[in-house]
Structures are given as structure tokens and as C-alpha cells.
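# Architecture at a glance
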Amino acid sequence: MIKLACVNQKGGTGKTTTVLHLSYILGRKGLKVLAIDLDPQAHLTSAFGIDPDTVEVGMDDVLESYTQKGERTKVTDITVPITVGGAEIMLAPSNAYLERLNITLLNALARESVLSSVLEDVDSFDVVLIDCQPTLSILTLNALVAANYILIPVETKGLSVQGLLMLFDTIEQVKEKLNRNLQILGILPVRYQKRLKSAQKNLERLSSFSDVVRVYPPVPESAAFEEMIEDKKTLYDVESTTAKRALKIYEQVASDIVKLVR
Ligand SMILES: Nc1ncnc2c1ncn2[C@@H]1O[C@H](COP(=O)(O)OP(=O)(O)OP(=O)(O)O)[C@@H](O)[C@H]1O
Ligand SMILES: [Mg+2]
């Protein structure tokens, strides 16, 4: 089972979008996919058409119950089936209460590995995709400890090389101290506008990382992404050239994941 966390402590870099589209692309390839919303903003939950305010048991209950005595709420107790893009995947939803876990977990035993432990019960999936919040919080650390692969979506417009170096440093520390099995699948540049000089420059700066980590071709900026959310469509339903190119890149990432599973 591949556990892939989409991580970047910077906000709005395409983490949720990447998890959303990868989940049905992988589902269509015949893989059993579990998507975990590990962000209290719960954007992944809403992207799948569920209002986070209506989520009565979510990832907060799973993590919280693990830190307490008594009966545990399992991941499989809270998952909901989602039909999307011609695939059926499972979602472990969240709501705003998940933020409390960043405090609750502070006093928990083995606080960085609670998610890893709760995922030990989960074995009926080929791929677990974890959408993280935009901070290096305890929740995000839990994702880094539970995962065996990390995908780092970065925005080509407002790239922060410093932020990326800090993330690499954190990943190295996690590898050294908490999770030897952690590997970086790659950096995925998103929202690329090829006519923007600053974006071209940032893509060049990113390519300097390619000695140490895979840098995927950029997912283009496409108005289709906003439309898809509004109209509940997927990359397979939209016709624009930029959306088709975006699909190609996401399919490339998905093929790499499939190779790791099989
Ligand atoms: N290739 C793209 N073209 C156009 N818009 C995009 C593209 N990818 C993502 N977006 C849009 O960019 C915004 C931010 O994306 P997203 O929510 O996936 O980022 P995030 O990293 O999950 O944010 P946060 O850090 O708040 O969790 C969203 O409105 C999304 O629809
Ligand atoms: Mg997000």
C-alpha cells in the first residue's frame, strides 16, 4: 500500500487540487483509493461535495479516540464512498474541529505517529492520499510519519525557494528520526503560465532541484479548475487545451504511483 502525502507548508499551492484529481485518475486505473482530508480547512471534503459542517464523525474523532482510553473510532468507521470521474473512491472527511488535534496531540504519547498507527488498521486500499494543511503542524508531521511518499505541489508564480529548502530540511529530519521509509515522489509545479517571465524563471530555479528530486513538467494554469469545482466536473469532462494538458501531467504522476503499487 502506497501512502502519499501532498505537502507544502505554503498556502494555496495546489495540494488539495492534486489529491482531488489524482484520486479519481488512480481510481479509474483500477486502484482502491482512500483520500484522507488532514486539513481542518476541509477543502478536500467540500471538493468531494460534502459540506464539512455536516461531517459528524471525521478524522478528528479517529485521531482523538486513539489518544484516549476506551473504544476507538477507526478510519474505516468514518469513510464515505464518493463517485467521481467514473471511479468510486473512499474519503476520510474532516471538519474544522480537526484543528484541535494540533493541541490535543501535543500531550499524546508518540504524538507524531498517531496517524501512522491508525492507518495500521487500514489494509484494503492500494493507495492512500493525504491532503495536508499549509503549516508544518503536528498534523502535518503525522502525515510525514505515516506516509512512504511525498508529493510537493509548488506554485510557479510565487515560488519560495527558501520555503522549499525548509520543507526538505524537515523531511530529512523526519527520515532520520521518525520514518526511515519516507521518500519524495517529486515536486509538481502547478498553475504555470508560460507567458509570464517570472513563472519561466521559477521553473528554471526549480529545475536546479532535479539532481536530487524528480521535478514533474508543470501543470498549466487553467480556468477549467474553478469551473470544475462549480459544475462538479472532472478533468475528463472538460474540453479546453490547458485542462487536457493538466490531465496529461496528473496522469503522468498517477502512472508513477501505479508503478510503485504494482
Ligand atoms: N492548474 C491550475 N489552474 C488554475 N487554478 C488552479 C490550478 N491548480 C489549482 N488551482 C486553484 O488554486 C487554488 C488553490 O489550490 P488548492 O486549494 O489546491 O491549494 P492548497 O495548497 O490545497 O491550498 P491550502 O494551502 O489552503 O490548503 C484553488 O482555487 C484551485 O482551484
Ligand atoms: Mg488545501
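Predicted model only: the values in this text are computed from it and were never measured. (Residues numbered from 1 in each chain as written. Chains lettered and ligands numbered in written order. Predicted model: local features only at pLDDT ≥ 70, side-chain atom pairs only at ≥ 80, totals over all residues. Heavy atoms only, no water.)

### Overview of helix H10 (residues 224-231)
So the rule is basically this: The classification of residues rests on relative accessible area computed with a 1.4 Å probe and restricted to protein chains. Under 20% of the type maximum is buried, over 50% is exposed, and intermediate values are partly exposed. Each helix is a run of H or I in the DSSP string that is no shorter than four residues. Each strand is a run of E no shorter than two, and both are numbered from the N terminus. Here, the arc refers to the directions that run from the helix axis to the C-beta atoms. Contacts are assigned to residue pairs with any non-hydrogen atoms lying within 4.5 Å of each other.
Of the positions making up H10, those classed as buried are Ala224, Phe225 and Met228. Angularly, the buried residues of H10 cover 105 degrees about the axis, an arc narrow enough to put them on a single face. Facing away from the buried side of H10 by more than 90 degrees, the exposed set consists of Glu226, Ile229 and Glu230. Where H10 is buried, its residues touch helix H1 (15-28) and helix H11 (241-261).

### A closer look at the packing of H1 against H11
As a reminder of what qualifies: Structural elements are reduced to axes, namely lines fitted to C-alpha atoms, with helices fitted over the stretch in contact, and the angle between N-to-C directions of any two is expressed from 0 to 180 degrees. Working definition: roughly parallel below 35 degrees, roughly antiparallel above 145 degrees, roughly perpendicular at 65 to 115 degrees, and oblique for all remaining angles. For any pair of crossing helices, the crossing counts as left-handed if the nearer helix is rotated counterclockwise from the farther one by less than a right angle, and right-handed if it is rotated clockwise. As a working rule, the residues Ala, Val, Leu, Ile, Met, Phe, Trp, Tyr, Cys and Pro are called nonpolar, Asp, Glu, Lys and Arg charged, and the rest polar, with Gly in that last group.
Relative orientation of the contacting elements H1 and H11 amounts to 65 degrees, with a least axis distance of 9 Å. As summarised for this structure, H1 and H11 are arranged roughly perpendicular, according to the angle between their axes. In the packing of H1 onto H11, the handedness of the crossing is right-handed. In this structure, H1 uses Thr17, Thr18, His21, Leu22, Ile25 and Leu26 to contact H11, whose residues at the interface are Leu247, Tyr250, Glu251, Val253, Ala254, Ile257 and Val258. Taken together, the residues that form the contact of H1 with H11 break down as 9 nonpolar, 3 polar and 1 charged.

### Points about the nonpolar core
What counts, and what does not: By convention a nonpolar core is built from buried Ala, Val, Leu, Ile, Met, Phe, Trp, Tyr and Cys residues, the set being connected through side-chain atoms within 4.5 Å.
One finds Met59, Leu63, Leu115, Ile130, Ile152 and Ile187 to be the most contacted residues of the largest nonpolar core, which totals 45 residues. Counting residues per element, this core draws most heavily on helix H7 (residues 138-146), at 6 residues. Core analysis: the second largest hydrophobic core is formed by 44 residues, Ile50, Val127, Val190 and Met228 among them.

### Regarding unusual backbone geometry
A positive phi angle, near 50 degrees, is found at Ala110, a position not held by glycine. Its place among the elements puts Ala110 in the loop between helix H5 (101-104) and helix H6 (114-118). By relative accessible area, which is 49% here, Ala110 ends up partly exposed. If you check the backbone angles, Lys232 has positive phi at about 55 degrees while not being a glycine. Turning to its location among the elements, Lys232 is positioned in the loop between H10 and H11. Its relative accessible area of 62% is what places Lys232 among the exposed residues.

### Describing a negative patch on the surface
Note the following rule: Surface patches are defined over residues having more than 30% relative accessible area and no salt bridge, joining like charges when they lie within 9 Å and nonpolar side chains (Val, Leu, Ile, Met, Phe, Trp, Tyr) when within 5 Å. Shrake-Rupley sampling with a 1.4 Å probe provides the accessible areas, and residues are treated as covered by the protein chains on show and by no other component. One speaks of a salt bridge when a side-chain nitrogen belonging to Lys or Arg is within 4 Å of a carboxyl oxygen belonging to Asp or Glu. The sign given to each residue is positive for Lys and Arg and negative for Asp and Glu; His and the chain ends receive no count. All charge positions are set by atom: Lys at NZ, Arg at CZ, Asp at CG, Glu at CD.
On the surface, a cluster of negative charge is made up of Glu226, Glu227, Glu230 and Asp231. Tracing the chain through its elements places Asp231 in helix H10.

### Overview of the site of ligand 1
How we decide: One heavy atom within 4 Å of a molecule or strand is enough for the residue carrying it to be called near that molecule or strand. Under the rule applied, a polar contact is a pair of N or O atoms within 3.5 Å (in protein, one hydrogen donor and one hydrogen acceptor; residues adjacent in sequence only if both atoms are side-chain atoms). A pocket, in this scheme, is an open set of points on a 1 Å grid over the protein atoms alone with protein on both sides within 12 Å along at least 5 of 7 lines, while a cavity is a set where a 1.4 Å probe fits but cannot get out; residues line either one if an atom lies within 4 Å of a point. For a cavity or pocket, the test is whether more than half of a molecule's atoms lie within 2 Å of its grid points; if they do, the molecule sits there.
Around ligand 1 lies a shell of 19 residues, among which Thr13, Lys15, Thr16, Thr17 and Arg191 are the nearest. Here a nitrogen atom of ligand 1 and a backbone polar atom of Ser222 are 2.9 Å apart. One of the side-chain nitrogen or oxygen atoms of Glu226 is found 2.9 Å away from an oxygen atom of ligand 1. According to the grid-proximity analysis, the pocket containing ligand 1 is the largest pocket. Going through the elements one at a time, H1 and H10 are the ones with two or more residues in the shell around ligand 1. Considered class by class, the residues forming the shell around ligand 1 number 5 nonpolar, 8 polar and 6 charged.

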